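Chains, contacts and geometry: an overview
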Amino acid sequence: MEKERFYITTAIAYSSRKPHFGNTYECIMTDAIARFQRQMGKEVYMLTGTDEHGQKIEGCAAEAGVTPQEYVDQVSGEIRRIWDMMNVRYDGFIRTTDPEHVRRVQHIFRKFYEQGDIYKSEYEGWYCTPCESFFTETQVVDGKCPDCGRPVERSREEAYFFRMSKYVDRLIAHIEANPDFIQPESRRKEMVNNFLKAGLQDLCVSRSSFRWGIPVPFDERHVIYVWVDALSNYITALGYDPDKEEQPELFRRFWPADVHIIGKDILRFHTIYWPIFLMALGLPLPKKVFGHPWFNSGVDKMSKSRGNVIYADDLASLISVDGVRYYALAEMPYAADGSITYESVVNRYNTDLANNLGNLVSRTHAMAMKYFDGHVPPSGPVSGPDAELREAVLRAREESRRLMESYHIADALDAIFGMLRRANKYIDETTPWALAKEPKMRDRLGAVLYNLLESIRIGGILLAPFLPETSEKILLALGSEKKEYASTEVFGGLEAGAALGPSCVLFARIDEAAFLAARAAEAEQAATKETFAKESAQKEQNEKGKDRIAAKGNDRNPVEERAPADPDEEHPGIIGIKDFMKVELRAGRILSCEKVPKAKKLLRLEVDLGEETRQIVSGIAKEYTPEELCGKTVAVVVNLAPATLCGIESRGMLLASGGDRIRVLFLDPETPLGARIR
RNA sequence: CGCGGGGUAGAGCAGUCCGGUUAGCUCGUCGGGCUCAUAACCCGGAGGUCGUGAGGUUCAAAUCCCACCCCCGCAACCA
């Protein structure tokens, strides 16, 4: 009989910088599912890879003084190194710069064009270079990018568009007929209500403003924009090429994918544009798209400027690879965002891995060594709590399987660890050390230890998809050859008389206080270094304007150093006093203030600037009530171009701290109204 | 009235669809037990008006209905 097949993918990682914990989590999660499916006897193909085109990478490479190809070679290698280190066992690793991928994407693009799905038109709008995005008039906020807040430019370019409208109805019908298509559930409604039913616009699928991309085959001035390029990886990696008479075996065997595992931020592209591209190619749609939640760092989004970025490889050096895997898999809820803190890392590690799992193995192994000279004793008749233990073991097996089938990974792990807890309790119930003192209880003692060893053996096998190394170690300690899932069906697979392996400490306990202190010290050091690096880099650039050459090799993290990550992390360059004086800041008093109806964040203010009174709209409604602002003296940017927000004109801007906690900058009430601030 | 999800012990969650035993679980906390083990393990206690409404339906509501409040996604509007 032919094996059932299972095709699972991660999103391909964007190669502009080193992936942080959230990216790595996705890969670990996907790997756990893939390993589980292999354990279930399926023929699995797990695909991951790197997305290597785009203007941002072009820019990063230029800054680093290397070619884009050299740049992505390095980053892609780094990403792959981390995946490998985390024991992610992928079957395919695609890079969007692979020549085969490039050629196939060109064929796909041409096919779309030839069948009339792609047409040439002109795009005019506001363009944000760092985000590589065009925005419409209504999206742009006061001349700035709505995503990153940096200035946008008026830009017009000839571009190719994909006729989405043609397929929308079919897609809606598909989503409605397949309620499981988008997971978790809540995401499905977001997509359907926010995008599909609201009216889907044609998608711009080419760019001519940069070169680092796959050229449009029939129009060399254009490169194929990210989505046709990146999304296609799921089929090109299997060898799909629309020009081929017959698709290769790999493709025929594995398409359609069973599930695409992706971050919730790109759900829209995977549940709307990707299915439509597939429809246009006449291919079946993936069975499921799972938009996993994000890991936040404590309460904040992870970001370097907050000094709270955690990298998986760094963490692995502290708590082991399986420690990281366990943490990521156990801590992340199914649908809501999870949060990572060092406290919870240590707590999870100590309580679950060291105390519950590690110590169970350790104490059981020690007793078997001491009382039975390192051999598996024969199992005796079932008595006392034996039945309950066995039942717990088999139930954990069923539960974890059921939960894994629906991608409830944390819950599946919980089921297994619950069983381990039951085994610890069993030791207290049966008190083997007391039995050991009575020679006539020898058989009972053997039975008790047998039950424990067998429970651990089954547990070790069940843990294999999540903690592959630990699973190996457990089975090695038991000296058991039986590692296949089938051997867990019946309690009693362990053979009496077999010799145990050497004892081992699976997870040494961590001293929480010392651990946290060390992390705090590191963070401080890193922050200092970061500031220093930035400053000297800027100095260098300003003074000589020379290109910097990326340090290679010994630099611990060269990628991170040169790629300014998120917009909010970018530090301002050094400016002269002239530049500063371009910004006209003046003191004003808030005369009146009210919430903008229908707006969540906006307050409409009348501000007295001495000479004049201005209407300013400010996005601080979540932090301040109108009452507490009235009468306050504030700093206002008065020469900012007017913007229209929610239909209300705003002329100027209040100074306030940004980020998650917005705090308005209040001035001394004695400040004369209209006074220039500098 | 944009769309969706959620408010359950100090924290994180399950239970809600298909109303019904003392509202569970993990962590934390307090007390006890044990000594095989990684100061680990086991037991017990305290701690909950299940967001609010002396609302509705019902013999019975965390669970169904209604109203309101708050939080989080997505979208929009962070000047």
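Scroll up to find the structure.
Okay, so let's go over this structure.

What counts and what doesn't
Residues numbered from 1 in each chain as written. Chains lettered and ligands numbered in written order. Predicted model: local features only at pLDDT ≥ 70, side-chain atom pairs only at ≥ 80, totals over all residues. Heavy atoms only, no water. Helix = DSSP H or I, 4+ residues; strand = E, 2+ residues; numbered from the N terminus. Expected span 1.5 Å × (residues − 1). Buried < 20%, exposed > 50% of the residue type's maximum accessible area, 1.4 Å probe, protein only. Arc of directions from axis to C-beta. Salt bridge = Lys/Arg side-chain N within 4 Å of Asp/Glu carboxyl O. Contact = heavy atoms within 4.5 Å. Axes fitted to C-alpha atoms, helices over the stretch in contact; angles between N-to-C directions. Parallel < 35°, antiparallel > 145°, perpendicular 65-115°, else oblique. Nonpolar A, V, L, I, M, F, W, Y, C, P; charged D, E, K, R; others polar. Polar contact = N/O pair within 3.5 Å; in protein donor to acceptor, adjacent residues only side chain to side chain. Pairing = 2+ DSSP bridges.

Digging into helix α5 (residues 165-177)
The end-to-end C-alpha distance of α5 is 19 Å, a good match for the 18 Å that 13 residues give at a rise of 1.5 Å each. Those residues of α5 not exposed but buried are Tyr167, Val168, Leu171, Ile172 and Ile175. Seen from one end, α5 has its buried residues packed into an arc of 150°, which puts them on one side. Facing away from the buried side of α5, by more than 90 degrees, are the exposed residues Asp169, Arg170 and Ala177.

Thoughts on the pattern of salt bridges
Applying the stated criterion to the full structure yields 38 salt bridges. Here arginine 363 and aspartate 428 are joined by a salt bridge, their closest N and O atoms 3.6 Å apart. With arginine 363 in helix α13 (residues 342-372) and aspartate 428 in helix α15 (residues 409-430), this residue pair connects regions lying 65 residues apart in the sequence. Residues arginine 397 and glutamate 489 are paired through a salt bridge, measuring 4.0 Å at the closest nitrogen-oxygen approach. One end of the pair, arginine 397, is in helix α14 (residues 386-405); the other, glutamate 489, is in the loop between α18 (468-478) and α19 (512-544), and 92 residues separate them in sequence. Of the residues examined, glutamate 489 reaches a relative accessible area of 52% and is grouped as exposed. Three or more residues are tied together by salt bridges with common partners; here these are Arg5, Glu43, Glu249 and Arg253.

Some remarks on the environment of threonine 9
Within the fold, threonine 9 resides in strand β1 (residues 5-10). Taking the relative accessible area as the measure of exposure, threonine 9 reaches 0% and is therefore buried. C-alpha separation for the pair threonine 9 and glutamate 670, spaced 661 residues apart in sequence, amounts to 62 Å. Apart from residues no more than four positions distant in its own chain, threonine 9 is found in contact with Thr30, Leu47, Tyr234, Val259, His260 and Ile261.

What about the packing of helix α12 (residues 321-331) against α13?
Orientation of α12 relative to α13, taken along the N-to-C sense of each, is 100°, at an axis distance of 10 Å. It follows that α12 is roughly perpendicular to α13 by the angle criterion. Within the contact between the two elements, α12 uses Asp322, Gly323, Tyr326, Tyr327, Ala330 and Glu331 and α13 uses Ser344, Val345, Arg348, Tyr349, Asp352 and Leu353. In terms of residue class, the contact of α12 with α13 is made up of six nonpolar, two polar and four charged.

Considerations on the side chain of arginine 397
For arginine 397, a relative accessible area of 4% puts it in the buried group. A distance of 2.6 Å separates polar atoms of two side chains, one belonging to arginine 397 and the other to glutamate 398. What arginine 397 contacts, discounting residues up to four positions off in sequence, is Leu462, Tyr485, Thr488 and Glu489.

Re the pairing of strand β19 (residues 613-618)
Two strands pair when backbone bridges link them, and strand β18 (residues 603-608) and β19 are joined in this way by six bridges, in the antiparallel orientation. Each bridged residue has a counterpart across the sheet, and for arginine 604 the counterpart in β19 is valine 617. Connecting β18 to the antiparallel partner β19 that follows it, the hairpin turn spans four residues, and glycine 610 within it adopts a positive phi of roughly 85°.

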